[in-house]
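Architecture and fold: a report
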Amino acid sequence: MTTTSDLNPETVALLERGLRLAMRAVESVPGAPAVVNYLSHSYHNDRWRLFLEILLVGILTKYLLSKKYRPREAPAVVLTDREIDQLVAEWEPEPLPMPLTKADNLILDSHIVFNGPSGKYLAVDSKRCLNFASLNFLGMTDRIEIRHEAEKVLRDYGVGTCGPPGFYGTLDAHLELETSIANFVGKEMAILYSYGFAAIASCIPAYAKKGDIIVVDEAASFAVQRGVYVSRADVHTFKHNDMADLEAVLQKIEKTRIARKQPLTRRFIVVEGLYQNTGTICDLVTVTRLKTQYKYRLVVEDSFGFGTLGKTGRGAVEHTGADMGKVDFYVASLANSLAGAGGFVAGATDVIDHQRLAGLGYTFSASMPAIMARASLRALKILRDEPEALIGRLRANTAHFRQALTHQLKAAGLQDTVELPGVVESPAVHVRLVHGSPLLAKLGDDRFDEECLLEAVVTRARVGADVVDPAEAEAAEAAFAKETAVGQMWPSLAGTTQEDLTLPADAEKAAALASATLLNGLPHGGVVFTRAKYALDQELPVPPPASIRVVISAAHGQAELDRAAAVLAKSLKLVISERFA
Amino acid sequence: MAAQEVERLPTLTTGLGVGNDNTMAAEMAQGESAASPFAAGAKRTLHEILAEAAHVDPSASSTYQLTSLDPTPSTKDLLKRNPAYTPSEPLDPNSVGIVPKGLLESVDADEFLRKAAHQPIVTFDDHTPESWVYPIVVLITHLSYITLTVFGHIRDFFGKFLRPQGYNHLKEEGYAPLYSDFESFYTRRIYIRTRDCFNRPITGVAGARLTLLERVTKDYNKTFQLTGRTREVINMGSYNYLGFAQNEGRCADEVELSLRAHGVSYNSPRAEAGTHALHVELEKLTAEFVGTEDAIVCSMGFATNSTIIPALMGKGCLIVSDELNHASIINGCRNSGSTTRVFKHNCAADLERVLRQAIASGQPRTHRPWRKIMIIVEGIYSMEGSVCDLPRIVELKKKYKCYLYVDEAHSIGALGPRGRGICDYWAVPTTDVDILMGTFTKSFGAAGGYVASSKAIIDTIRARAHSSIYSETMPPPVCQQVISSLSIIMGRDGTNDGLDRIKKLRDNSMYLRRRLVDAGFVVYGDEDTPVIPVLLYNPSNVRHIGTSFLKRGIAVVVVGFPATPLVTSRMRICISSAHTREDLDKTFDALIEESTETMIRLNYKAT
Ligand SMILES: Cc1ncc(COP(=O)(O)O)c(C=O)c1O
């Protein structure tokens, strides 16, 4: 066996000289220095390794040039045509529609259909109900300015853009909104998606690919989970909002990487600002610290927090006092606070520009209709102009509602039976049943039973026959009449007059629309709440617990908050006592 | 009145629609809609059908005569489309519109047409030019890409020394680069050269004309600055097939009314207090238009695919997908967790091969039988202009017990004598396709998508699709735009506006495509689709055509690698019913003038 030291030194010197000469020749080719550098280093470190590597490259080339076959696609046994025909004849596929489960049916049966605008009120079953279900945090869908803006935009731009942003679908309206949002949240650039779900679900896979690492909160909402899943990266979860666990996960990943000598791959931490499913706020100060320390990129999805948290509505980052500069991607929906449609991702210019080619939901889909873009732009302006009036009021309303509901629950004897998890600032209040509490002793662990119970509560509150206090209803009726007459604070209802709905061209249709939709003529109904709904068997890894998600809006008045709390408590009380009597 | 109009729908391409128009017009006059025009109606002989086919609307003629492609189907055409048929007496294969007598009586005309319908007229493979120049063009194209790549690397090589700050994004300390080397290299060194042809900002309506915002660049396309000036150009790039991108007229009026009555937007998902009466109305209307039991809408076409496929398919299922399917379909397949196999574009034979192999070998590794198999195809392929070979795929689907999902994003409204898409075009009953998906972005001038199918399937989707449970509903003005435009297409407004648009679109598409084909351009796709891709080959042509057309006042879409295969860079013209003959002629003339420099008339024959 020959080793390096056994070689004649002269031969070695000769070889080395020859090599050096050859390398110099090669070096003149652009890009080659890197190769040469590599070769010379490995030669220095271990000559035999170089030899082996060259051999390997040779074998690899031969292998690649040889005839290709795909073992995975070839059937294990080659079958004759007759045999295949027989297999085809024997094969019985499952039916295409999956059989509906009980839970599916519950979702189907609990669809309610409303008519007319959606705002503080909702016209359901020809009754005017108070709306505590829509994610209309800032009451923007009630604003008459936005509607007027939309009518104007319609006459300038029509409705659809008829093309993706790359092919004549980029409107000045989009550019303006992108700039305004970027300025508002304090990032260099923003990119618009025409669908809220698509923003986060396209943003993550645009960067994270197979082999990359994503660390995500286990309670992240469904859209986030999808984005993470489609990227095919390695996913690690940490306990909900548990910073110690997050750090432990990050340390473990780093340790494994070093132990296995794996190369550095892209690494992301994905959190929500205000968690949709739990109503908690992420500890962004700690997350940004950890992110910097362990060199991860940070994605914050803040569809519920954007416009509702922080002094000026800049979301969870402002609320927690974290540094926006450390948030690489700030993602939020425009449909909630800003009365539009779609969503955005804000970040550094170079990085966001990458999504204009690689963000699938951006590149391969028509751009947002101008009406929606301008509506959001207008809403953003309102938010900038009167942050105190909107956010201050929303905060006060939320606090008031929680207090009122707690009070009502106590009065109904449900204080141990029903809980309101989440932080006080969250305008989406999850109302949950406490398992094992005395009144619910007979409630099993079956998720479906619980959902049914909650649905019964929701229905009761909406129909309102036995839960709405007649005296209160009368007061509410008077309040509505006054609001409509004065039309100051939330003027959309007042703004809609019969004349508004009449275009000379189509008076008949206008009349039909008017009679069908005007809230003014409708009798008073109950309160619309909704269960938080999930596609249970597709949620990963554990579905969030069942709850009624009460959405507070800046549009609500105190009397309405009190009424909603009373109706909810009463409905809960009635349903629970009837069920377990 | 309406009946006469329909009868005169030009039936230039196939002559196949012809037989149907009469029955159809009669049905429509009675206010009924039939799933298949073949289903009912008196039997007619081929003679009658051909006589009708020969009837051309004189008003449709223009300065240019469609000589080479006569509207009357030739015997050759008919025979080509029905290979199973053997004539009893020798035929002159080039005779036009004359079919020997005995032959005609011997076939049942409707049966003949139904069979004939199984052959697409122009198949995808027909397009490779025969010219001897073609190999040279291919070679030059490859050389161009090599040159681009080599120059790119040379610039990178020096750039890293001279301007290291430009490469910061690739080597942030302690972080892996955010995008792979290839992506970054492609964007920095190749895409950027043509970047001024993409994402051009506009204002106003993208109708037959559009208003571009002029922009300039001071740093070789890295950034653009708007100059504040605008420019009106002919729009050959938007998917405005039926010309409903409008800010006036019936649709806009109704949308305005609707805005006043229903507001601008709703915040909730469909399942959580987000279902409006407009959604219900729209879904009913869509189902009726498409010809299915039920339908569901979603406010983004992309998301319709990517969130609804997972509601139907899961682990242990197989999706067999056309190799050129849209990104949203691929995304949906991935999302669903099922296995995906692809087959050659629009090739039924390859599809059959894949299906047989898949059923024979079962699931990977376990070899258990598949739970179910779904074939996913598109109606019109947006980059190829080809129409899916539906009858054959339906045959295969039945033979192999698979399910069929057709994405009609580009074909709904644009194909078929009544604009009802691919099933209308091929006269295939809609019940033969399990899922008909489409978007409202294109023909309807709105946004969003739908899925139409049986009630059971739609209920599954309603209860399980991510879009119904987790994201915002379709905004009311968009709903109303679709309702209004659909009503117009269906003739519910009491006018012929809808049919006129369908007819005009077909006229326009065939007119320009034929002129281009006759002039020797290499044009992909089937004859009567409004998507006309003209092959450009060389990457430098992509930029050249993109910018020079703009100088001439025409906005077109150009695409190159990696959106297309390396060699087949193309320019895509999207025809609209709003285009006038002058618009089309201008586009044609521009292409002819540009072709001297770009060498793209590879099929040109000097005669
Ligand atoms: C085949 C196909 N499916 C889906 C889509 C997406 O539709 P939308 O633009 O409405 O998101 C497109 C759009 O280009 C398409 O071509």
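Not measured: the values here are computed from a predicted model.

Notes on the overall build of chain B
Counting secondary structure elements, chain B contains 21 helices and 15 strands. In chain B, the proportion of contacts linking residues at least 24 apart, taken out of those at least 6 apart, comes to 71%. Working note: accessible area of chain B is about 22200 Å², and carbon and sulfur atoms make up 55% of it.

Some remarks on the domain arrangement of chain A
Residue and element names in this part refer to chain A. Under the domain assignment, chain A is made up of domain 1 (103-142 + 388-579) and domain 2 (159-385). Listed per partner, the contact involves 27 residues of domain 1 and 27 residues of domain 2. Roughly 2200 Å² of surface becomes buried between domain 1 and domain 2 when both sides are summed, with 62% attributable to carbon and sulfur atoms. Joining domain 1 to domain 2, the criterion identifies zero salt bridges. One can count three residue pairs in polar contact (both at pLDDT 80 or more) joining domain 1 with domain 2. Broken down by secondary-structure element, the contributors of at least two residues to the side of domain 1 that touches domain 2 are helix H17 (387-411) and strand E13 (428-433).

Digging into the pairing of E13(A)
All names here are of chain A. Most of E13 is tucked away: six of the six residues are buried. Alternating residues of E13 divide into Ala428, His430 and Arg432 and Val429, Val431 and Leu433, and every residue in both groups is buried. Sheet topology note: the strand E12 (residues 418-419)/E13 ladder contains two bridges and is antiparallel. Note on E13: the bridge partner recorded for valine 418 is leucine 433. Relative to strand E16 (residues 548-551), E13 runs antiparallel, the two being bridged by four bridges. Its bridge partner lying in E16, alanine 428 is registered against valine 551.

Overview of the site of the ligand
Taken together, 17 residues lie around the ligand, and A:Ser365, A:Ala366, B:Asp407, B:Thr441 and B:Lys442 are the ones closest in. Taken together, the residues near the ligand originate from chains A and B. The contact in question runs from an oxygen atom of the ligand to an N or O atom on the side chain of A:Ser365, over 2.5 Å. One of the side-chain nitrogen or oxygen atoms of B:Lys442 is found 3.2 Å away from an oxygen atom of the ligand. For the ligand, whose unbound accessible area comes to 390 Å², protein coverage reaches 97%. No other element matches the three residues that helix H11 (residues 301-312) of chain B contributes to the shell around the ligand.

Re the sheet that holds strand E5 (residues 189-193) of chain A
All names here are of chain A. Read across the sheet, seven strands follow the order E5-E11-E10-E9-E8-E6-E7 without closing on themselves; strand pairing throughout is mixed. Two strands bound the open sheet, and with one partner strand each, they are E5 and strand E7 (234-238). Averaged over all pairs of adjacent strands, the angle between their axes in this sheet comes to 20°, without regard to strand direction. Strand direction decides the pairing type here: strand E6 (residues 213-217) and E7, joined by five bridges, are parallel. Bridge pairing in E7 links isoleucine 213 to aspartate 234. Contacting E5, strand E10 (329-333) and strand E11 (343-347), helix H8 (residues 172-185) crosses the sheet at an angle of about 130° to E5. Here helix H9 (residues 196-207) sits on the sheet in contact with E5, E6, strand E8 (267-272), strand E9 (297-301), E10 and E11, set at roughly 160° to E10.

A short note on the pairing of strand E11 (residues 449-453) of chain B
Residues and elements named next belong to chain B. Of all five residues in E11, five are buried; the element is thus mostly enclosed. Where strand E5 (residues 294-298) meets E11, five bridges bridge the pair, whose relative direction is antiparallel. Counterpart to aspartate 294 in the pairing with E11 is serine 453. In this sheet, E11 lies alongside strand E10 (residues 435-439) in antiparallel orientation, the contact comprising four bridges.

Notes on the packing of H11(B) against helix H12 (residues 327-336) of chain B
All names here are of chain B. At a minimum axis separation of 7 Å, H11 and H12 run at an interaxial angle of 25°. Classed by the angle they form, the pair H11 and H12 counts as roughly parallel. As H11 runs across H12, the sense of the crossing is right-handed. On the side of H11, the interface is formed by Phe302, Asn305, Ser306, Ile309 and Pro310, while H12 contributes Ala327, Ser328, Ile329, Asn331, Gly332, Cys333, Asn335 and Ser336.

Regarding the pattern of salt bridges
Taken as a whole, this structure holds 54 salt bridges over all chains when the rule is applied. Across the pair A:Glu151 and A:Arg147 runs a salt bridge whose closest N-O atoms are separated by 3.2 Å. Of the two residues, A:Glu151 and A:Arg147 are both situated in helix H6 (residues 144-157); the distance of four residues between them amounts to about one turn of the helix. A salt bridge links B:Glu527 to B:Arg514, with the shortest nitrogen-to-oxygen separation between them at 3.5 Å.

Rules behind the numbers
Residues numbered from 1 in each chain as written. Chains lettered and ligands numbered in written order. Predicted model: local features only at pLDDT ≥ 70, side-chain atom pairs only at ≥ 80, totals over all residues. Heavy atoms only, no water. Helix = DSSP H or I, 4+ residues; strand = E, 2+ residues; numbered from the N terminus. Contact = heavy atoms within 4.5 Å. Areas by Shrake-Rupley, 256 points an atom, 1.4 Å probe, with all protein chains shown as cover. Domains from an automatic or database assignment. Buried area = accessible area lost by both parts, 1.4 Å probe. Salt bridge = Lys/Arg side-chain N within 4 Å of Asp/Glu carboxyl O. Polar contact = N/O pair within 3.5 Å; in protein donor to acceptor, adjacent residues only side chain to side chain. Buried < 20%, exposed > 50% of the residue type's maximum accessible area, 1.4 Å probe, protein only. Pairing = 2+ DSSP bridges. Near = heavy atom within 4 Å. Axes fitted to C-alpha atoms, helices over the stretch in contact; angles between N-to-C directions. Parallel < 35°, antiparallel > 145°, perpendicular 65-115°, else oblique. Left-handed = near helix turned anticlockwise from the far one by under 90°.

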